[in-house]
Amino acid sequence: MEKKVYSTDGKELRTITLDDKVFGLPVNDAVIYYAITQELANKRVGTACTKTRAEVHGSNAKPYKQKGTGNARRGDKKSPINVGGGTIFGPKPRDYHYYMPKKEKRLALKTILSMQAQSDRFTVVEDFTIETGKTKDLIKILKNFSNDERTVIILKDDDAMIKRAGRNIPRLYFLSYNRLRAHDLFYARKIVILESAVKNLSDFYAEKEAK
């Protein structure tokens, strides 16, 4: 598959060939679903906690005698049916984190990249950096490729200056070629990938497959 490479001014420069093993795969809905679900589950804090009747502060004495009142039998005021009593089967602190097989996770990422590359959301841009680290300089570049949409920039490395320039821009996410996230890629309305990152992605996944 071939894609046009654009300058930071939005002008066509040349074409680049995308590796079909990374950008030319058929869409696999199931593996994409599992990858996104796993990422969202791993983000959950899991600190919700409720008290059972054994943990609620209060007396263990019976509120009234067993017989003779005409009321139902009551053990204590901490019963779940009373206001202020314990909670039945409420949430407790837990870890929602789980692992996904590496081959499946890589397949999901490659599938999403393929799906996006085959649409008009995917744009290859010549390598650039923001030496000043100023937001206005990055906005000047992005306005040629995105219209205030949910945008992902795939970097060739961990460029601190670009990230600094974009940290105040809403709906803008940065991903390094070797640390992609399925959720961000799938829901992105625009993906801007640096030209060197295309080659790095191909080499990175080729190396992983060789292992």
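Above this note sits the structure.
Residues numbered from 1 in each chain as written. Predicted model: local features only at pLDDT ≥ 70, side-chain atom pairs only at ≥ 80, totals over all residues. Heavy atoms only, no water.

1. A few points about helix H3 (residues 102-117)
A rise of 1.5 Å per residue sets the reference length of H3, with its 16 residues, at 22 Å; its end C-alpha atoms lie 22 Å apart and thus fit the reference within 8%. If you check which residues of H3 are buried, you get Lys105, Arg106, Ala108, Leu109, Lys110, Thr111, Ile112, Leu113, Ser114, Gln116 and Ala117. (Helix = DSSP H or I, 4+ residues; strand = E, 2+ residues; numbered from the N terminus. Expected span 1.5 Å × (residues − 1). Buried < 20%, exposed > 50% of the residue type's maximum accessible area, 1.4 Å probe, protein only.)

2. Quick notes on the sheet that holds strand E2 (residues 12-17)
Taken in spatial order, the 6 strands of this open sheet run E2-E1-E3-E6-E4-E5, and their pairing is mixed. What marks the edges here is a single partner per strand, and that holds for E2 and strand E5 (172-176). Neighbour to neighbour, the strand axes of the sheet diverge by 30 degrees on average, direction disregarded. Of the pairings in the sheet, the one linking strand E1 (residues 2-6) to E2 comprises 5 bridges and is antiparallel in character. Opposite Lys4, over in E2, you have Thr15 as the bridge partner. (Pairing = 2+ DSSP bridges. Axes fitted to C-alpha atoms, helices over the stretch in contact; angles between N-to-C directions.)

3. Some thoughts on the layout of surface pockets
Of the pockets and cavities examined, the largest pocket occupies roughly 400 Å³. Lining the largest pocket are 20 residues, and of these Gln38, Glu39, Lys105, Leu109 and Leu180 lie nearest its centre. Among the elements of the structure, helix H2 (29-43), H3, helix H6 (182-187) and helix H7 (195-210) are those that each provide at least two residues to the lining of the largest pocket. In terms of residue class, the lining of the largest pocket is made up of 7 nonpolar, 4 polar and 9 charged. Size it by volume and the second largest pocket reaches roughly 210 Å³. (1 Å grid on protein atoms, 1.4 Å probe; cavity = no way out; pocket = protein on both sides within 12 Å on 5 of 7 lines; lining within 4 Å. Points joined across faces, edges and corners; volume = space filled by probe spheres on them. Nonpolar A, V, L, I, M, F, W, Y, C, P; charged D, E, K, R; others polar.)

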